[in-house]
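# Structural characterization, general
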Amino acid sequence: MATLDDIKSLKRKYSAELLQLPGVAGIDIDIHPSGEATLAVHIDTKDPEVRQALPKELDGYPVKYIYTGPIRKSS
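Residues numbered from 1 in each chain as written. Predicted model: local features only at pLDDT ≥ 70, side-chain atom pairs only at ≥ 80, totals over all residues. Heavy atoms only, no water.

## A closer look at the nonpolar core
- In terms of nonpolar packing, the biggest core is built from 15 residues, with L18, L39, V41 and L58 touching the most fellow members.
- Going through the elements one at a time, α1 (4–19), β1 (24–31), β2 (37–43) and β4 (61–67) are the ones with two or more residues in this core.
- Setting aside its immediate chain neighbours within four residues, L18 contacts V24, I27, L39, V41, P55 and L58. (Core = buried A, V, L, I, M, F, W, Y, C linked by side-chain atoms within 4.5 Å. Buried < 20%, exposed > 50% of the residue type's maximum accessible area, 1.4 Å probe, protein only. Helix = DSSP H or I, 4+ residues; strand = E, 2+ residues; numbered from the N terminus. Contact = heavy atoms within 4.5 Å.)

If you want it as C-alpha cells, here you go:
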C-alpha cells in the first residue's frame, strides 16, 4: 500500500518529466477512502494512442489517469 509520503516523493521526482508528455495537463495525488495514495495524472485528450504511450506505473506504483480536458490558469 502506497503511503501519502511515498506518493509525494513520486510526484516530486516525476512531475516535471510527466508534464512534458503530450496530453498531460496536471499532476495530483488521489487518496482512496482506504487511505491508500495514488499519483493522479490529469490528461487533456481522450486519444487512446496518447493514453497508451503514458507509463502505467512509476517506481512500482500504479499511476491513475483522469480525463479533465485542458487546464487553464484563471486570471
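## Description of the sheet that holds β2
- An order of β1-β2-β4-β3 is seen for the 4 strands of this open sheet, with the pairing classed as mixed. Two strands bound the open sheet, and with one partner strand each, they are β1 and β3 (57–58).
- Examined bridge by bridge, β2 and β4 share 5 bridges and lie parallel to one another. By the bridge assignment for β4, I43 is matched with Y67.
- Contacting β1, β2, β3 and β4, α1 crosses the sheet at an angle of about 175° to β1. (Pairing = 2+ DSSP bridges. Axes fitted to C-alpha atoms, helices over the stretch in contact; angles between N-to-C directions.)

## Quick notes on the pattern of salt bridges
- The full count for this structure, using the stated rule, is 2 salt bridges.
- When the shortest N-O distance is used, the salt bridge between D59 and K13 registers 2.9 Å. Here D59 is found in the loop between β3 and β4, whereas its partner K13 is found in helix α1, with 46 residues between them in sequence.
- Here K13 falls in the exposed class, since its relative accessible area comes to 53%.
- Where D30 meets K64, a salt bridge forms, and the shortest distance between an N and an O atom there is 2.8 Å. Here D30 is found in strand β1, whereas its partner K64 is found in strand β4, with 34 residues between them in sequence.
- Relative accessible area serves as the criterion here: at 26%, D30 is assigned to the partly exposed category.
- K64 sits in the partly exposed class, given a relative accessible area of 34%. (Salt bridge = Lys/Arg side-chain N within 4 Å of Asp/Glu carboxyl O.)

## Thoughts on the environment of I7
- The topology assignment puts I7 in helix α1.
- Residue class for I7 comes out buried when judged on its relative accessible area of 1%.
- Considered as a pair, I7 and I29 are 22 residues apart in the sequence and their alpha carbons are 7.1 Å apart.
- Setting aside chain neighbours within four positions, we find I7 in contact with A2, I29, A37, T38, L39 and Y61.

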